[in-house]
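A closer look at the structure
So the chains spell out like this:
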Amino acid sequence: MLTSGPRGTKDILPDSSGYWQYVEKTIREVCQNFAYQEIRTPVFEHTELFLRGIGDTTDIVEKEMYTFSDRAKRSITLRPENTAAVVRSYLENKLYSGPQPTKLYYIGPMFRYDRPQAGRYRQFHQFGVEAIGAQGPSIDAEVISLAVALLKKLGLNDLNLLINSVGCPQCRPVYRTKLQDFFRDNVAHLCSDCQSRYDRNPMRILDCKNETCAEYSQGAPHMLDCLCEECSDHFSGLQKLLTAAGINFAINLRLVRGLDYYTKTAFEIQYSPLGAQSAVCGGGRYDGLIAECGGQPTPGIGFAIGIERVLLALEKQELLPQINSTIDVFVAPLGVETQAAAFQLLSKLRHAGIAADMDFMNRSLKAQMKYANKYPAKFVALIGEDELAQQKIMLKNMETGSQELMDMTALVHMILEGMEK
Ligand code: ATP
Ligand code: MG
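Below you will find a few notes about this structure. (Residues numbered from 1 in each chain as written. Chains lettered and ligands numbered in written order. Predicted model: local features only at pLDDT ≥ 70, side-chain atom pairs only at ≥ 80, totals over all residues. Heavy atoms only, no water.)

Another point: the environment of Gly 294. Summarising the element assignment, Gly 294 is placed in the loop between helix H10 (289-292) and strand S11 (300-306). Gly 294 sits in the exposed class, given a relative accessible area of 65%. C-alpha separation for the pair Gly 294 and Leu 91, spaced 203 residues apart in sequence, amounts to 8.1 Å. (Helix = DSSP H or I, 4+ residues; strand = E, 2+ residues; numbered from the N terminus. Buried < 20%, exposed > 50% of the residue type's maximum accessible area, 1.4 Å probe, protein only.)

For the rest of this paragraph, the subject is helix H13 (residues 365-374). Within H13, burial applies to Gln 368, Met 369 and Ala 372. The buried residues of H13 occupy an angular sector of 100° when projected down its axis, which confines them to one face. Those residues of H13 that are exposed and angled more than 90 degrees off the buried face are Lys 366, Lys 370 and Lys 374. Packing partners of the buried residues in H13 comprise strand S12 (327-333), strand S14 (377-383) and strand S15 (393-397). (Arc of directions from axis to C-beta. Contact = heavy atoms within 4.5 Å.)

This part is about the state of the cysteines. Put plainly, two cysteines are in a disulfide when a covalent bond ties their sulfur atoms together. Scanning the entire structure with this criterion turns up zero disulfides. Free of any disulfide, Cys 226 has its nearest neighbouring cysteine sulfur in Cys 171, separated by 8.0 Å. With no disulfide of its own, Cys 231 lies closest to Cys 168 among cysteine sulfurs, the gap being 3.5 Å. (Disulfide = S-S within 2.5 Å.)

Moving on, we get to the pattern of salt bridges. One pass over the full model with this rule turns up 24 salt bridges. Of the charged contacts in the structure, one is a salt bridge between Arg 40 and Glu 38, with a shortest N-O distance of 3.2 Å. With a relative accessible area of 69%, Arg 40 lands in the exposed category. Here Asp 59 ties to Lys 63 by a salt bridge, and the two come within 3.8 Å at their closest N and O atoms. With Asp 59 and Lys 63 both in helix H3 (residues 59-64) and four residues apart, this pair spans about one turn of that helix. Among the charged side chains, a network of salt bridges with common partners joins Asp 59, Lys 63, Asp 193, Arg 197, Arg 204 and Asp 207. (Salt bridge = Lys/Arg side-chain N within 4 Å of Asp/Glu carboxyl O.)

It is worth spelling out a nonpolar patch on the surface at this point. Where nonpolar side chains cluster on the molecular surface, the patch consists of Phe 343, Phe 360 and Met 361 and spans about 360 Å² of accessible area. Locating Phe 343 in the fold gives a position in helix H12 (residues 339-351). (Patch = residues over 30% accessible without salt bridge, like charges linked within 9 Å, V, L, I, M, F, W, Y side chains within 5 Å. Areas by Shrake-Rupley, 256 points an atom, 1.4 Å probe, with all protein chains shown as cover.)

This structure, assessed with the given rule, holds 10 aromatic pairs. Summarising the aromatic geometry, the rings of Phe 330 and Tyr 375 are spaced 6.2 Å apart at their centres and angled 40° between planes, so their arrangement reads as tilted. Here Tyr 375 lies in the loop between H13 and S14 and Phe 330 lies in strand S12, a separation of 45 residues in the sequence. Using a relative accessible area of 0% as the deciding quantity, one classes Phe 330 as buried. An aromatic cluster is built from Tyr 105, Phe 127, Phe 267 and Phe 303, whose rings are joined through pairwise contacts. The residue whose ring lies beneath Arg 122 is Tyr 113, and the NZ or CZ to ring-centre distance is 3.8 Å. In this structure, Arg 363 is placed above the aromatic ring of Tyr 371, and the distance from its NZ or CZ to the ring centre is 4.0 Å. (Phe/Tyr/Trp six-rings, centres within 6.5 Å; stacked < 30°, edge-to-face > 60°. Lys NZ or Arg CZ within 6 Å of the ring centre and 35° of its normal.)

Structure below.
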């Protein structure tokens, strides 16, 4: 227990944290490029927010939430996703009173009681954006193109962008009835989840992963045939915009949500080399969500990308960058008496902004040189008894092998000059 973390969690160790930093830096650059600003909300919220904001017929709410009572008996949930929390914050902090749309992004851990396997964890990380306040298809196209731009910038090219429309509260009831008519005679053959979905949320039968349910879904009526004029115009508008921006997409009729506040555009980006867990990005429009959370009716759209899956994809395609751990100077004290001088030099170097380290293990000269080569260090500053007596250091250039006796201040100047070049 004490030497292993809870199932479905993992440590991000120094040998891979550089890759995380690289992905996060790329995310921030793309968001700046698209004029989205960062928001950081707490990792826990009132459970009620997720019941309302995700919907109590979803897998997340039915099976996957980490919910507990705090000491004052309030029901608290570790966030399983971040759209509901961003909407809560948007309302609480009146972000609607600023210039619209409100364009936000976040990066952070999410928690779901999922079945752990490659690309599926119980604590995982998402990067997501939310664009709140704009209603036309151009913001949908922007949000989708941001996700595509990020994945492409990271070097992932074989992306499958799938889009669909789930209609709106005007046209969806008609479709819902058609679907129920279609499944009526076969309800008993569907999985137990889908049997309860039949009444509560029949659209979700279409994306059930159970093979039998998939078979019984063959030939089901299409939402796209039932869209009202507004939803239909929105969907064709989006396709025009994506085409204009040179973004490839395919329509996938099985992309559904089926809760009243999810409207119009639904999309997913798959990266097929990932196999079973191939979805890297899921998103869509939620024009009813803000009112559901107690605000004025306000349209919104967003997506979330799973960072672990992106990293898996980058690793698979050998797209992870070389992580640089080089330092400028390794200070090598030879003998205990030289340690204070060595530490003084180390402090001077770091104070001047030079990346430096020293031996803390009383290693031999040979072992210190070997250690310095691991970074690798560009220079080693040796301080032995002779150097100490002369108030100097012996500087070894690790590239050329040349050595030079110099005083500490000269060393700092020399390195700084080299850095400016
Ligand atoms: P899935 O069908 O794979 O469970 P989902 O529909 O639950 O996905 P979303 O809620 O749309 O996923 O989340 C967006 C993205 O977050 C997913 O495309 C995926 O990349 C990532 N993701 C979701 N759940 C997990 C998890 N348990 N571990 C790692 N990444 C995850
Ligand atoms: Mg899931």
